[in-house]
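# An overview of the molecular structure
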Amino acid sequence: MVAEGRYTKVEAAGRRDWTSLTYFDGAPIPFKRGLRWQFPDLGFAVVKGARVYGRQGYVQTRAGEFIVDAQLLHLEPRFKYYAETMAVRPVERVDGRVLNLATTFAWKGNYGHGLLDGLGRIGLLIEAGFPLDTIDRVLAPQFYPKSFGRLLSGLGIDPRIVTPVDERTNVECAELVQTTLPGVFRHYSRHPAVMMRAAGIEPRGSGRRLLMLRTGEERAVDNLEELQPVVDEYGLEVYEPRSSDFPPADFAGADVVIGAHGSNLADLGVCAPGAALIELMPTGQTMPYFATLAVSSGMSFTGVRGQSVTNDWRANFTIDPAHLRGALQVSGVEPAR
């Protein structure tokens, strides 16, 4: 990056404090692959003549070098290579300034990766004081829900300049703006929250207590009937993001978010600092995506053990009502009046 363009460091490498990421009883959470306590430098480059390829938005400099860690910083051996067969179309040369938000995993239609790994990159530019109104084209994850357009509009970026990438993308940019991932694999910095809070959605914390069970999806909480007394006692609102016109506005009004692990938690970044996340975690899927996002965003975090009904990592799971009540108490949530 430095050889081919101008690099700006937004956040220096440093150690992260994840000591608050525990279950409600203080026991450590057995996160898969462990926690990354050290982050690299985070920043962005403005590179002349670079190309962007394929549905994952691979970046190649004019000298022919791929900037692989701009997409995702992998530690696992099976992710050490970036190999994907691409039948690209003839090159499209774009004048002006192009921002690349395409990223690994987002093309699969995952809202969380599209929002946090993709649009979350804009938080790095905002913190650096980069003029977003100088961007002429945005390359975005192919999965592009309406919430993304509303967030971009709130940031002053016209959604009409967005081009979703696909497996044939081959764009040569007069000037490419390329950020690092806003964190490291499975861990987030504060920058997705910086992006969301800059989009004109006031994190007002109006008292809502959202409970998301992923009903009808993989890794859903199976025992709502058993949990109902706790739901009633604490005035929890059973909430389904897919039924909302704009989930970020609902999260902005929440003092407490309780949710099964999954992309339904991706809008956490717009919650007010000091709001509480209680994550319901199946035994088959203990990943630190949303726990690290919450802590990096200034929220409190409490984990609740779930019991997956099978050994499949996609399996539904159950939650002990006493554990949910305990997590609410540890989080300082009072019963409803």
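Here we summarise the structure given alongside this text. Remember, predicted model here, so these are calculated numbers, not experimental data. The written sequence of each chain sets the order in which its residues are numbered from 1. Selection of residues for local features in this predicted model requires a pLDDT of at least 70, selection of side-chain atom pairs for listing and counting requires 80 or more, and totals for whole chains, interfaces and linings are taken over all residues. Hydrogen atoms and water are omitted, and side-chain values are computed over all heavy atoms in the structure.

Our focus in this paragraph is the pairing of strand β16 (residues 276-281). Counting buried positions along β16 yields six of six residues, so the element is predominantly enclosed. Here, a strand pair is defined by DSSP locating no fewer than two bridges between the strands. Numbering of helices and strands runs from the N terminus; a helix is a DSSP stretch of H or I covering at least four residues, while a strand is a stretch of E covering at least two. In this structure, strand β15 (residues 254-260) lies alongside β16, joined through five bridges in parallel fashion. Note that in β16 the partner of V256 across the bridge is A276. Relative to strand β17 (residues 300-308), β16 is paired through six bridges, and the arrangement is parallel. The residue bridging A276 from the neighbouring strand is S300, located in β17. Consider the strands pointing away from the viewer: the crossover is right-handed when the path from the first strand over the helix to the second runs clockwise. The parallel pair β16 and β17, bridged by helix α7 (residues 289-296), forms a crossover whose chirality is right-handed. Three labels apply to residues, based on accessible area from a 1.4 Å probe with only protein chains included: buried if under 20% of the type maximum, exposed if over 50%, partly exposed otherwise in between.

At R186, a position not held by glycine, the phi torsion is positive, near 75°. Along the chain, R186 falls in the loop between β11 (183-184) and β12 (187-188). Note on R186: relative accessible area 9%, which makes it buried. In this model, R214 sits at a positive phi of 60°, which is unusual for a non-glycine residue. By secondary structure assignment, the location of R214 is in the loop between β13 (208-212) and α5 (224-234).

Glancing now at the environment of F66. With respect to the helices, strands and loops of the structure, F66 is situated in the loop between β6 (58-60) and β7 (92-100). On the accessibility criterion, F66 (46% relative accessible area) is partly exposed. Taking the C-alpha atoms as reference points, F66 and D25, separated by 41 residues in sequence, lie 46 Å from one another. Whether two residues touch is decided by their heavy atoms; if any such pair falls within 4.5 Å, the residues are in contact. Setting aside chain neighbours within four positions, we find F66 in contact with Y53, Y58, V59 and Q60.

Attention now goes to the pairing of β13. The two faces of a sheet get side chains in turn, since along a regular strand they alternate between them. Most of β13 is tucked away, with four of its five residues classed as buried. Summarising the sheet, β13 and β15 pair through five bridges and their orientation is parallel. Opposite R209, over in β15, you have V256 as the bridge partner. Direction of pairing for β13 relative to strand β14 (residues 237-238): parallel, over a ladder of two bridges.

We now examine the packing of aromatic side chains. Classification of ring pairs uses Phe, Tyr and Trp, with its six-membered ring standing for Trp, and accepts pairs whose centres are within 6.5 Å; under 30 degrees between planes counts as stacked, over 60 as edge-to-face, and the remaining range as tilted. This structure, assessed with the given rule, holds seven aromatic pairs. Seen from their ring centres, Y53 and F66 are 6.1 Å apart, and the 45° between their planes marks the pair as tilted. One end of the pair, Y53, is in strand β5 (residues 51-53); the other, F66, is in the loop between β6 and β7, and 13 residues separate them in sequence. In this structure Y53 comes out as buried when scored by relative accessible area, which is 12%. Members of the aromatic cluster, joined through ring pairs, are Y188, Y289 and F290. A ring is scored as having a charge over it whenever the NZ atom of a lysine or the CZ atom of an arginine sits within 6 Å of its centre and within 35 degrees of its normal. Here R16 stacks its cationic end above the ring of F39, 4.1 Å away from the centre of that ring. One Lys or Arg, R150, reaches over the ring of F246 and ends 4.0 Å from the middle of that ring.

Moving on to the pattern of salt bridges. Any carboxyl oxygen of Asp or Glu that lies within 4 Å of a side-chain nitrogen of Lys or Arg is treated as forming a salt bridge with it. As enumerated under the stated definition, the model contains 18 salt bridges in all. The residue R16 makes a salt bridge to E11 at a minimum N-O spacing of 2.2 Å. Per residue, the accessibility class of R16 equals that of E11, and both read buried. Two residues, D312 and R314, come together in a salt bridge whose shortest N-O distance is 3.1 Å. Relative accessible area serves as the criterion here: at 31%, D312 is assigned to the partly exposed category.

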